[in-house]
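These are the residues of each chain, in order.
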Amino acid sequence: MNKAKKKNKPSFKDFLDELKANAVTEPKKVERIEERKYFLIVTEGERTEPLYFEYFKNYLPKNFLETIKISGEGDNTLNIVRKAIELKSERNSSLRPAYDEVWAGFDKDNFPDSRFNEAVSLANQVGINSGHSNQSFELWYVLHFQYLTSALDRSDYIKLLSKKLGFKYEKNNPIVVEYLFKNCNIKQAISWAKQLESLHSEKTPAQSCPYTKVYILVEKLLAYCGL
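So, here is what we can say about the structure in this document. (Residues numbered from 1 in each chain as written. Predicted model: local features only at pLDDT ≥ 70, side-chain atom pairs only at ≥ 80, totals over all residues. Heavy atoms only, no water.)

1. Observations regarding the pattern of salt bridges
Summed over all chains, the structure comprises eleven salt bridges. For Lys 108, the salt bridge identified is with Asp 113, shortest N-O distance 3.1 Å. A relative accessible area of 42% means that Asp 113 is categorised as partly exposed. Between Arg 154 and Asp 109 there is a salt bridge, with its nearest N and O atoms 3.5 Å apart. Remark: Asp 109 occurs in the loop between strand S3 (101-105) and helix H4 (113-125) and Arg 154 occurs in helix H6 (residues 154-165); sequence separation between them is 45 residues. The class for Asp 109 is buried, based on a relative accessible area of 14%. Each of Lys 37, Glu 101 and Lys 220 takes part in salt bridges that share partners, so that together they form one network. (Salt bridge = Lys/Arg side-chain N within 4 Å of Asp/Glu carboxyl O. Buried < 20%, exposed > 50% of the residue type's maximum accessible area, 1.4 Å probe, protein only. Helix = DSSP H or I, 4+ residues; strand = E, 2+ residues; numbered from the N terminus.)

This is the structure in structure tokens:
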């Protein structure tokens, strides 16, 4: 009677071959979560800009809702920068986490060139991010619809927006903000704002028109939102 052959034990080579056969060819993608930052946004408008930036909270994780603090001051240029400095200092002296970024948002409008340039310069000197627009914040809205290089008066922005929206543009209207977020390409607006910036690299803020720095802040906030 023949003895049954003993089953050969797998060799170390067999073990390595099996590992190679079952190896994952591409590393598993790990979702990148942005480290939380605290933003203070101090704006010239009491409602128009705050309405826009408050809307970002609709897309923030619930535990990030306090990430953005908006203060609409109803003031202008230099005073907005000074208020941002004041609020930043108050936060630093409290027990709450310091603001990682403080932004002052203001418009050129019809203010003297020297005052506008001085406000931007002061912000840069004291570590405040200047989210200025020339001529007005509505330029950022216009860029949601088209690329604009002509130095138009801010009143022309209103006409353009009314035409593009299909209804009369009015400041402080939350429906406008909702329309922009739900129907427009915010990343395209950022791209066009960057193109504008490249056109004015050698000019003073007052000479740079049309121009807006708002896109930089928006791009940073987008990192926390599902947009």
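Continuing now.
2. Re the nonpolar core
Within the largest apolar cluster, 42 residues are counted, with the highest numbers of intra-cluster contacts made by Tyr 52, Phe 53, Phe 56, Trp 140, Tyr 141 and Val 218. Listed by contribution, the elements that provide at least two residues to this core are strand S1 (39-43), helix H2 (48-54), strand S2 (68-72), helix H5 (138-142), H6, helix H7 (174-183), helix H8 (186-199) and helix H9 (214-222). Excluding anything up to four places from it in sequence, Phe 56 contacts Ile 68, Phe 181, Ile 186, Val 218, Leu 221, Leu 222 and Cys 225. Membership of the second largest hydrophobic core comes to 18 residues, among which are Leu 87, Ala 104, Phe 116 and Ala 206. (Core = buried A, V, L, I, M, F, W, Y, C linked by side-chain atoms within 4.5 Å. Contact = heavy atoms within 4.5 Å.)

3. Describing the packing of helix H3 (residues 77-92) against H4
H4 packs onto H3 with a crossing angle of 15° between their chain directions and a minimal axis gap of 8 Å. In terms of axis orientation, H3 runs roughly parallel to H4. H4 is crossed by H3, and the crossing has left-handed handedness. Across the interface between the two elements, Thr 77, Leu 78, Asn 79, Val 81 and Arg 82 from H3 touch Arg 115, Phe 116, Glu 118, Ala 119, Leu 122 and Ala 123 from H4. Looking at the contact of H3 with H4 residue by residue, the classes come out as six nonpolar, two polar and three charged. (Axes fitted to C-alpha atoms, helices over the stretch in contact; angles between N-to-C directions. Parallel < 35°, antiparallel > 145°, perpendicular 65-115°, else oblique. Left-handed = near helix turned anticlockwise from the far one by under 90°. Nonpolar A, V, L, I, M, F, W, Y, C, P; charged D, E, K, R; others polar.)

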